Amino acid sequence: VPSYQHIIVEKQGAKTNVGVITLNRPKALNALCDALMREVSDALDDLEKDKDVGAVIITGSEKAFAAGADIKEMQNNTFAHVYGGNFLNHWNRVAQCKKPVIAAVNGYALGGGCELAMMCDIILAGENAKFGQPEIAIGTIPGAGGTQRLIRSIGKSKAMEMCLTGLPITAQEAEKLGLVSRICAPKELVSEAVKMGEKIASHSKLIVAMCKESVNQAYETTLQEGLLFEKRTFHTTFATDDRKEGMTAFAEKRQPNFTDS
Ligand code: CAA
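Every chain is numbered independently, its residues counted from 1 as its sequence is written. Reporting in this predicted model follows two pLDDT cut-offs: at least 70 for local features of residues, and 80 or more for side-chain atom pairs to be given and counted; totals over whole chains, interfaces and linings ignore these cut-offs and use all residues.

- The protein goes by Probable enoyl-CoA hydratase, mitochondrial in an unreviewed UniProt entry, where it is assigned to Daphnia magna.
- The Sequence similarities (unreviewed entry) field of the UniProt record for the protein holds the comment "Belongs to the enoyl-CoA hydratase/isomerase family." UniProt positions are given in the numbering used here, feature names are shortened, and annotations may be inferred rather than shown by experiment.

1. Focus on the overall build of the protein
Consideration 1: Numbering of helices and strands runs from the N terminus; a helix is a DSSP stretch of H or I covering at least four residues, while a strand is a stretch of E covering at least two. Scanning the protein for helices and strands turns up 11 helices and 10 strands.
Consideration 2: Dimensions along the principal axes, computed over C-alpha positions, put the protein at roughly 60 × 45 × 40 Å.
Consideration 3: When burial is assessed residue by residue, the protein has 38% of its 261 residues classed as buried.
Consideration 4: Once C-beta atoms have been placed from the backbone, residue pairs whose C-beta atoms lie within 7 Å are recorded as contacts. Contacts in the protein between residues far apart in sequence, at least 24 positions, make up 68% of those at least 6 positions apart. Residue burial is a threshold on neighbouring C-beta atoms within 10 Å of the residue's own C-beta, all placed from the backbone, with 20 or more meaning buried, 12 or fewer meaning exposed, and counts in between meaning partly exposed.

2. Quick word on the nonpolar core
Consideration 1: The term nonpolar core refers to a group of buried residues, namely Ala, Val, Leu, Ile, Met, Phe, Trp, Tyr and Cys, whose C-beta atoms join them within 7 Å. Val56, Ile57, Ile102, Val105, Ala109, Ala117 and Leu124 are the most contacted members of the largest nonpolar core, which totals 65 residues.
Consideration 2: Here the element with the most residues in this core is helix H8 (residues 189-201); it accounts for seven residues.
Consideration 3: In contact with Val56, not counting residues within four places along its chain, are Gly19, Ile21, Leu44, Leu47, Cys97, Lys99 and Val101.

3. Some points on the site of the ligand
Consideration 1: Each residue receives a C-beta atom placed from its backbone. It is near a molecule or strand if this atom lies within 6 Å of it. As a matter of local geometry, the ligand sits amid 22 residues, with Ala31, Ala67, Gly68, Gly111 and Gly112 nearest to it.
Consideration 2: Secondary structure elements with two or more residues in the shell around the ligand: helix H2 (71-74), strand S6 (108-110) and helix H4 (112-119).
Consideration 3: Three classes are used: nonpolar for Ala, Val, Leu, Ile, Met, Phe, Trp, Tyr, Cys and Pro, charged for Asp, Glu, Lys and Arg, and polar for all others, with Gly counted as polar. Here the residues of the shell around the ligand sort into 13 nonpolar, five polar and four charged.

4. Digging into the sheet that holds strand S9 (residues 169-170)
Hydrogen bonds between backbone atoms are what pair the strands of a sheet, whose relative direction is either parallel or antiparallel.
Consideration 1: Criterion used throughout: strands pair if DSSP finds at least two bridges between them. Read across the sheet, four strands follow the order S4-S6-S8-S9 without closing on themselves; strand pairing throughout is mixed. The outermost strands of the open sheet, each flanked by one partner alone, are strand S4 (64-66) and S9.
Consideration 2: Where S6 lies against strand S8 (residues 130-132), three bridges are found, and the strand directions are parallel. Opposite Leu110, over in S8, you have Gly132 as the bridge partner.
Consideration 3: Inter-axis angles, ranging from 0 to 180 degrees, are taken between N-to-C directions of lines fitted to C-alpha atoms, where helices are fitted over the stretch in contact. Along the sheet, H4 makes contact with S4, S6 and S8, crossing S6 at roughly 90°.

5. With respect to unusual backbone geometry
Consideration 1: At Leu29, a position not held by glycine, the phi torsion is positive, near 50°.
Consideration 2: Assignment of secondary structure puts Leu29 in the loop between strand S2 (18-23) and helix H1 (34-49).
Consideration 3: Leu29 sits in the partly exposed class, given 19 other C-beta atoms within 10 Å.
Consideration 4: Despite not being glycine, Asn86 has its phi angle at roughly 50°, a positive value.
Consideration 5: Within the secondary structure, Asn86 sits in the loop between helix H3 (79-84) and strand S5 (101-105).
Consideration 6: Classification of Asn86 by C-beta neighbours within 10 Å gives exposed; the count is 8.

6. Concerning the pairing of strand S7 (residues 122-126)
The two faces of a sheet get side chains in turn, since along a regular strand they alternate between them.
Consideration 1: Counting buried residues in S7 gives four out of five residues, a clear majority hidden from the surface.
Consideration 2: Bridging between S5 and S7 involves four bridges; their strand directions are parallel. The residue of S7 that forms the bridge with Ala103 is Ile123.
Consideration 3: Pairing geometry for S7 and strand S10 (residues 182-184), over three bridges, is parallel. Considered in S10, the bridge of Gly126 is made with Cys184.

7. Observations regarding the packing of helix H9 (residues 205-220) against helix H10 (residues 223-237)
Consideration 1: Where H9 contacts H10, the axes come no closer than 9 Å and their chain directions differ by 170°. Taken together, the axis directions place H9 and H10 in an arrangement best described as roughly antiparallel. Within the contact between the two elements, H9 uses Ile207, Met210, Glu213, Ser214, Gln217 and Ala218 and H10 uses Gly226, Phe229, Glu230, Thr233, Thr236 and Thr237.
Consideration 2: Taken together, the residues of the contact of H9 with H10 sort by class into four nonpolar, six polar and two charged. Throughout, the term roughly parallel applies to angles under 35 degrees, roughly antiparallel to angles over 145, roughly perpendicular to angles from 65 to 115, and oblique to all others.

Given below as structure tokens:
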């Protein structure tokens, strides 16, 4: 088991099939320094390889999911340095995970914290959550998807308002706008996320991955191309054992026994 400095990685749920990554840099409100995000990438590599794991949760503390990229770490960066090193590019690892990733957000999800949550497939929020893109107030702009994913999620006017004023929105507003799928009591947030992860993990992992990929096409392409991708992926499920098992189990009035093949 690898040991990490800035995150805690566990497997939870009755069948220990839900990976939980807890951002754990309390002194900096989980500011996402380079080392922390590299650890998140490594943890995702491991959880993705782990055949038992059917879903992954990313969470923080009750006070902060994450207060953004680490401002003190990047304070003295130059254009040549960030451009040359493609600064923050490796954060994309989260969006590229093949397994479903649920963000369980309590407290601040600001800047890179809001962007990290939006890289996940589903966002659950505690009643105390605050989502914002305050980069404008420190002389920069969102650099990990904020100007792109927010607009697709909550529409142009509200996304513009958030990016240009830098002011955060509440969990209640975020739910109304569709940024988060559900609000939970802060103390129950992680266990609710694990419950959701267990439900997802009870299905065929193979088909779940295909479904996630198909839903994500809606972000990437036109409706015509997306519908074609969906249709072909749907057809492809008929090449799997789990499709046969799922439908046979229904007809035989029993629970399916998926083999992820
Ligand atoms: N980077 C580095 N350190 C941070 C940080 C960040 N993003 N956010 C908080 N911290 C540190 C503070 O500097 C402070 O450290 P010290 O105790 O050593 O002074 C500690 O965490 C606690 O923070 P505060 O004392 O500020 O706590 P608070 O409760 O008074 O305020 C807050 C909380 C409103 C979230 C405030 O910390 C804040 O505004 N943080 C910055 C938010 C921000 O601008 N995020 C965007 C970053 S840029 C970005 O993310 C770029 C991108 O698109 C990827």
